[in-house]
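Analysis of the macromolecular model
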Amino acid sequence: MGLLTRVNALGILASAEFAQPALRLKAVLESRGCAVAAAVEAFPAEQPQTSHVQAVLVLGDAPGDPDAFKQDGELGLASSLAFAAIAAGAPVKAMNGKSGKEDVSSLIQDLKELPILDPHEARQRWAQAEAAAAADDEEGLEGALESWPELMTHRDSSGSTLLHHAASMGADRATSLLLERGADADLRNKEQATAGDIAFRAGKQTVFESLVMHRLRREQQAEVPEPPQKRQKGADRQDLAPDHYLNQQLRYEEGRLLDADSKAVMMGWEAPLMKHHAELLLPEQQLRICNVGFGLGLVDGYLAEREPSEHHIIEAHRDVLAEMRRRGWHKRKGVVVHEGRWQDIVTQLPGGSLDAIFFDTWSETYEDLRQFQDEVTRLLAPGGRFSFFNGMAPYSITEHATFCRLAQEDLVAMGLPCDICKIELGELGNETWQGVKERYWQFDSYYLPLARKPPQSSQAKDSDCLEGVKGSQWRCWPEFPVRVLDRLGPTLPRAAFGLD
Ligand SMILES: C[S@@+](CC[C@H](N)C(=O)[O-])C[C@H]1O[C@@H](n2cnc3c(N)ncnc32)[C@H](O)[C@@H]1O
């Protein structure tokens, strides 16, 4: 009861037998100024009056229809708000059975009689918790959360949670406490920034790292991978099936390769990056390289300049293969073009037959990259190098750092420690993206991964990652790949990347 008088946004999940009490309760709460997102089984839902809820009431026994709350539309929206709040640590109260119905009735009665919470008092409670979070006052914060658990899911007028405030001040103990209590680190404020993004902007490395690692551990524990976050260049929310892309007609225009939907498969601005990848993959002549994904042929051009003894190219798209033929790649000395998907080709290449591998496909997810990495260990000769276009999750630096670290952890587990070379890319400018449906990159810094298979001989130097290219900076494993002082440039809205 105390809780219901304090929250100003409540979620209700009710089974059909509790429909009437749930609707009466909703009406009385709304009359007291509390926004309600009610998902009532078998009852048409109204648009929730709120975008987040602070506490959840579960009314009734299990719903008759197991999928009752998963539907599209308002019912599903209201229930997903409630489930998200539960996941974010919101207090939950359940009432069921005959006594539950009686309890709801008396609750309604009591609410009608009770004075409405003084908004000034509510603001004071929030201010107290926010100050404790920002000051890294663990005890004060714990006390506030014990008394008012709904503060865990409260948002202020900027849409920020306590975790955002702790992160902005670099309050690491408060951040850990909030995360331990289930605070949702994915929540975005009105500027679409997560707590991690805020820590980055505020220059708080320790808190940034702990939020990234928290996100990473969740990712690793997720039974079902979360596709939108595992976004390789171009993979869209639905994770386009590769066949779909392969059946599209592509067009080469003004230094770009576009798909049928005008999404950019590859763009000329990546040329300096491709050059860096090529230089680092082939530090000397007469090495054996395999590149996956020809695109504009930029990286292959730079690789060829370094005179490899064998140059394998795997390419799946007929339009790209036609362009390669037109440009004479099939007849080049030392070049072997493998026509088809890498998934069907790499297993046929002999183990230990390559000194370097580059991977840059399109419309594939992190899972595909990980699957490819399984083959890399087998294909590389001792001392061999592996790199890939690192365009993962470009819409948020926290997400990007999470995937950089995930890839590093996956690679090291396969015996391929991976260093990161930070390249200053500079601002790309809006004009770069004109005529392209969605962006696939935004940061002024690029985190180039270079994994190496340990050499057999003990004489091999292991410091050669530090012989970086001009203007580069190395973060050698296990150093953290992203630093809060790295220049990123202005942050773009997620819509620029085709996300909500
Ligand atoms: C981003 S482009 C590569 C750009 C290239 N690094 C360059 O420097 O121009 C991606 C390429 O991967 C190809 N591709 C996509 N999926 C593939 C797959 N499963 N196997 C082989 N090639 C694939 C695409 O057709 C496209 O040519």
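Residues numbered from 1 in each chain as written. Predicted model: local features only at pLDDT ≥ 70, side-chain atom pairs only at ≥ 80, totals over all residues. Heavy atoms only, no water.

As recorded by an unreviewed UniProt entry, the chain carries the name Rmt2 protein and is attributed to Symbiodinium pilosum.

**Here's the deal with the packing of helix H2 (residues 19-31) against helix H4 (residues 97-113)**
For the pair H2 and H4, interaxial distance at closest approach is 10 Å and the crossing angle is 15°. Here H4 runs roughly parallel to H2, going by the angle between their axes. Crossing angle aside, the handedness with which H2 passes H4 is left-handed. Residues Pro21, Arg24, Leu25, Val28 and Leu29 of H2 form the contact with H4, whose participating residues are Lys101, Val104, Ser105, Leu107, Ile108, Leu111 and Lys112. Across the contact of H2 with H4, the residue classes break down as eight nonpolar, one polar and three charged. (Axes fitted to C-alpha atoms, helices over the stretch in contact; angles between N-to-C directions. Helix = DSSP H or I, 4+ residues; strand = E, 2+ residues; numbered from the N terminus. Parallel < 35°, antiparallel > 145°, perpendicular 65-115°, else oblique. Left-handed = near helix turned anticlockwise from the far one by under 90°. Contact = heavy atoms within 4.5 Å. Nonpolar A, V, L, I, M, F, W, Y, C, P; charged D, E, K, R; others polar.)

**Focus: the packing of helix H16 (residues 366-379) against helix H17 (residues 397-413)**
Helix packing for two helices is described by the angle between their axes and how far apart those axes are. As a packed pair, H16 and H17 sit with axes 11 Å apart at the nearest point and diverge in direction by 20°. Considering their axes alone, H16 and H17 lie roughly parallel with respect to each other. The way H16 lies across H17 gives a crossing that is right-handed. Judged by residue contacts, Tyr366, Arg370 and Gln373 of H16 engage Phe403, Leu406, Ala407, Asp410 and Leu411 from H17. Class assignment for the residues of the contact of H16 with H17 results in five nonpolar, one polar and two charged.

**Section: the state of the cysteines**
Summed over all chains, the structure comprises zero disulfides. Residue Cys418 stays outside any disulfide, its sulfur separated by 8.8 Å from that of Cys404, the closest cysteine. (Disulfide = S-S within 2.5 Å.)

**A closer look at a negative patch on the surface**
Taken together, the side chains of Asp137, Glu139, Glu142 and Glu180 present a region of like negative charge at the surface. Mapped onto the secondary structure, Asp137 falls in the loop between helix H5 (119-134) and helix H6 (138-147). Using a relative accessible area of 35% as the deciding quantity, one classes Asp137 as partly exposed. (Patch = residues over 30% accessible without salt bridge, like charges linked within 9 Å, V, L, I, M, F, W, Y side chains within 5 Å. Areas by Shrake-Rupley, 256 points an atom, 1.4 Å probe, with all protein chains shown as cover. Salt bridge = Lys/Arg side-chain N within 4 Å of Asp/Glu carboxyl O. Lys, Arg positive; Asp, Glu negative; His and termini not counted. Charge placed at Lys NZ, Arg CZ, Asp CG, Glu CD. Buried < 20%, exposed > 50% of the residue type's maximum accessible area, 1.4 Å probe, protein only.)

**Examining the nonpolar core**
Ranked by size, the top nonpolar core spans 118 residues in total, and within it Phe208 and Phe386 carry the most contacts. Examining the composition of this core, we find that seven residues originate from one element, H17, more than from any other. Looking at this core, you find at least three residues from each of domain 2 (122-223) and domain 3 (242-497). The contacts of Phe386, once residues within four sequence positions are left out, are Leu281, Ile357, Phe359, Leu369, Phe372, Gln373, Val376, Leu380, Leu411, Pro449, Leu450 and Ala451. Val28, Ala38, Leu57 and Leu111 belong to the second-largest nonpolar core, a separate cluster that totals 24 residues. (Core = buried A, V, L, I, M, F, W, Y, C linked by side-chain atoms within 4.5 Å. Domains from an automatic or database assignment.)

**Quick notes on the pairing of strand S1 (residues 9-14)**
Taking burial as the measure, the six residues of S1 include six buried ones, the bulk of the element. A two-sided burial pattern is seen for S1, the buried positions comprising Ala9, Gly11 and Leu13 on one face and Leu10, Ile12 and Ala14 on the other. Of the strand pairs in this sheet, S1 and strand S2 (residues 35-40) are connected by six bridges, and their pairing is parallel. Across the sheet, the residue bridging to Leu13 is Ala39, located in S2. This β-α-β element, S1 to H2 to S2, shows right-handed connectivity. Relative to strand S3 (residues 55-59), S1 is paired through five bridges, and the arrangement is parallel. Across the sheet, residue Ile12 finds its bridge partner in S3, namely Leu57. (Pairing = 2+ DSSP bridges. Right-handed = clockwise from strand over helix to strand, strands pointing away.)

**A look at the domain arrangement of the chain**
In terms of domains, the chain is made up of domain 1 (2-113), domain 2 (122-223) and domain 3 (242-497). The distance between the C-alpha centroids of domain 2 and domain 3 comes to 35 Å. Across the contact, 20 residues belong to domain 2 and 19 residues belong to domain 3. Buried surface at the junction of domain 2 and domain 3, summed over both partners, amounts to about 1700 Å²; 63% is from carbon and sulfur atoms. Seen at the junction of domain 2 and domain 3, the total is two salt bridges. (Buried area = accessible area lost by both parts, 1.4 Å probe.)

**As for the site of the ligand**
The immediate surroundings of the ligand are formed by 25 residues, with Tyr245, Leu296, Val299, Glu315 and Asp360 found nearest. One of the backbone nitrogen or oxygen atoms of Leu298 is found 3.2 Å away from an oxygen atom of the ligand. Contact between the ligand and Glu315: an oxygen atom at 2.6 Å from a side-chain N or O atom of the residue. Here the ligand has 610 Å² of accessible area as a free molecule, and 100% of this is covered by the chains. Judged by the fraction of its atoms near the pocket grid, the ligand is located in the largest cavity. Elements with a minimum of two residues in the shell around the ligand: strand S7 (264-267), helix H13 (298-305) and helix H15 (342-345). Residue composition of the shell around the ligand, grouped by class: 13 nonpolar, seven polar and five charged. (Near = heavy atom within 4 Å. Polar contact = N/O pair within 3.5 Å; in protein donor to acceptor, adjacent residues only side chain to side chain. 1 Å grid on protein atoms, 1.4 Å probe; cavity = no way out; pocket = protein on both sides within 12 Å on 5 of 7 lines; lining within 4 Å. Sits in = over half its atoms within 2 Å of the grid points.)

**Observations regarding the pattern of salt bridges**
Under the criterion given, the structure shown has 33 salt bridges. Among the ionic pairs, Arg370 bridges to Glu367, the shortest N-O distance being 2.7 Å. Of this pair, Arg370 and Glu367 are both found in helix H16, three residues apart, which corresponds to roughly one turn of the helix. With a shortest N-O distance of 3.1 Å, Arg452 and Asp419 are connected by a salt bridge. With a gap of 33 residues between them, Arg452 in strand S14 (residues 445-452) and Asp419 in strand S13 (residues 418-424) connect regions that are remote in the sequence.

**A look at the sheet that holds strand S5 (residues 251-253)**
With antiparallel pairing, three strands are arranged side by side in an open sheet as S5-S6-S7. On the outer flanks of this sheet lie S5 and S7, each paired with one strand and no other. The mean inter-strand angle of the sheet, taken between neighbouring strand axes irrespective of direction, is 15°. Where strand S6 (residues 256-258) lies against S7, three bridges are found, and the strand directions are antiparallel.

**Digging into unusual backbone geometry**
In this chain, Trp477 is followed by Pro478 through a cis amide linkage whose omega measures 10°. Secondary-structure assignment places Pro478 in the segment after strand S15 (472-475). Positive phi, normally seen in glycine, also occurs at Gln286, with a value near 65°. Non-glycine residue Glu307 carries a positive phi angle of around 45°.

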